[in-house]
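Descriptive analysis of the structure
This is what each chain is made of:
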Amino acid sequence: MPSKGPRLCACGRVVPPGQMCVCAKARKAASDAARPSARARGYDGDWQTARAKHLASHPQCVDCGEAATLVDHIVSIRRAPYRRLDPTNFASMCAGCHGRKTAAVDGSFGRAIQSQVDP
Ligand SMILES: [Zn+2]
Ligand SMILES: [Zn+2]
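What you see is a predicted model; the values in this text were computed from it and never measured.

Right, let's talk about the side chain of histidine 73 for a bit. By the element assignment, histidine 73 lies in strand S3 (residues 70–73). Among the polar contacts made by the side chain of histidine 73, one reaches the main-chain carbonyl oxygen of arginine 84 at a distance of 2.7 Å. When sequence neighbours within four positions are dropped, the list of residues in contact with histidine 73 reads Trp47, Arg83, Arg84, Asn89, Phe90 and Lys101.

With that settled, consider the coordination of the zinc ion (ligand 2). For the zinc ion (ligand 2), the full set of protein donor atoms is Cys61 (SG), Cys64 (SG), Cys94 (SG) and Cys97 (SG), at a range of 2.3 to 2.4 Å. With 4 donor atoms in place around the zinc ion (ligand 2) and angles of 103 to 118° between them, the coordination shape is tetrahedral.

Around the zinc ion (ligand 1), the protein supplies Cys9 (SG), Cys11 (SG), Cys21 (SG) and Cys23 (SG) as donor atoms, at distances of 2.2 to 2.3 Å. Relative to the metal, the 4 donor atoms surrounding the zinc ion (ligand 1) lie at angles of 106 to 114°, and the coordination shape comes out tetrahedral. Within one chain, the residues serving as donors to the zinc ion (ligand 1) are arranged as C-x1-C-x9-C-x1-C. Cysteine 11 gets classed as partly exposed once you look at its relative accessible area, which sits at 37%.

Here the protein shows a mean pLDDT of 83. Residues at 70 or above account for 77%. Of all the helices and strands in the protein, helix H3 (residues 95–117) carries the lowest mean pLDDT, 66, while strand S4 (residues 90–93) carries the highest, 96. Segment residues 110–119 is flagged for pLDDT under 50; beyond a separation of four residues in sequence, or across chains, it makes 0 contacts in the model.

Another point: the nonpolar core. Counting 6 residues, the largest nonpolar core is built from Trp47, Ala50, Leu55, Ala68, Val71 and Phe90. Ranked by residue count, the leading element in this core is helix H2 (residues 45–57), at 3 residues. With residues near it in sequence (within four places) discarded, phenylalanine 90 still touches Trp47, Ala50, His54, Val71, Asp72, His73, Ile74, Arg84 and Leu85.

Conventions we followed
Starting afresh in each chain, residues are numbered from 1 along the sequence in its written order. As a convention, the first chain written is A and the first ligand written is 1, with the rest following in written order. The predicted nature of this model means local features are confined to residues of pLDDT at least 70 and side-chain atom pairs, given and counted, to a pLDDT of 80 or more, with totals for whole chains, interfaces and linings taken over all residues. Side-chain descriptors were evaluated using all non-hydrogen atoms of the structure, hydrogens and water having been removed beforehand. We count a stretch as a helix when DSSP gives it H or I for four or more residues in a row; a strand needs E for two or more, and each element gets its number in order from the N terminus. By the criterion applied in these results, polar contacts are pairs of N or O atoms within 3.5 Å in which, for protein atoms, one can donate a hydrogen and the other can accept it, and in which residues neighboring in sequence qualify only through two side-chain atoms. Residue contacts are counted whenever heavy atoms from the two residues lie within 4.5 Å of one another. In this description, a donor is an N, O or S atom within 2.8 Å of the metal centre, a cutoff extended to 3.2 Å for sodium, potassium and calcium. Water is not part of the atom list, which can make sites seem incomplete. Between 85 and 135 degrees for all angles marks four donors as tetrahedral; over 155 degrees for opposite donors together with 65 to 115 for all other angles marks four donors as square planar and six as octahedral; every other arrangement is irregular. The cut-offs for exposure are 20% and 50% of the maximum accessible area for each residue type, with area from a 1.4 Å probe on protein chains only; residues under the lower value are buried, those over the upper are exposed, and the others partly exposed. The predictor's confidence in any single residue is recorded as pLDDT, a number from 0 to 100. By nonpolar core we mean a set of buried residues, namely Ala, Val, Leu, Ile, Met, Phe, Trp, Tyr and Cys, connected to one another through side-chain atoms within 4.5 Å.

As C-alpha cells, this is what we get:
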C-alpha cells in the first residue's frame with residue numbers, strides 16, 4: 001500500500017505527498033546547469049579522443065616547434081561549430097602560443113561581433 005502522508009527525506013525535511021524535496025530539486029538544477037555548458041564548450045568524450053589522437057600524431061607546436069600540450073581549432077568552433085571534430089581544423093600548440101593566439105583571435109572576433117550588432 002503506497003503511503004499518502006508526508007514523507008521524511010534523507011536530508012531531514014518533511015516532504016508533502018506528491019512533491020519533490022527541495023534538496024532533490026537543487027541537485028537536479030545543479031546537474032542541469034552543469035551538463036549543457038560542458039557540452040556547449042565542446043569538451044565531451046569525442047573531442048577528448050580526437051584531441052589525444054591529434055597530439056599523438058602531431059606532437060609539436062605548429063608555431064614554435066616545442067612540445068605541444070594542447071590542440072587548438074584553427075577556425076574557432078564558435079565560428080564553425082561543425083568543424084569541432086574535423087582533424088583538418090586541428091593545430092597542436094604549446095600553452096604559450098595558444099594563449100597568444102586565443103587572445104588575438106578572440107579579441108578580433110569580439111570586435112567583429114561588436115561591429116555586426118552595432119554597425
Ligand atoms: Zn531532501
Ligand atoms: Zn608554441
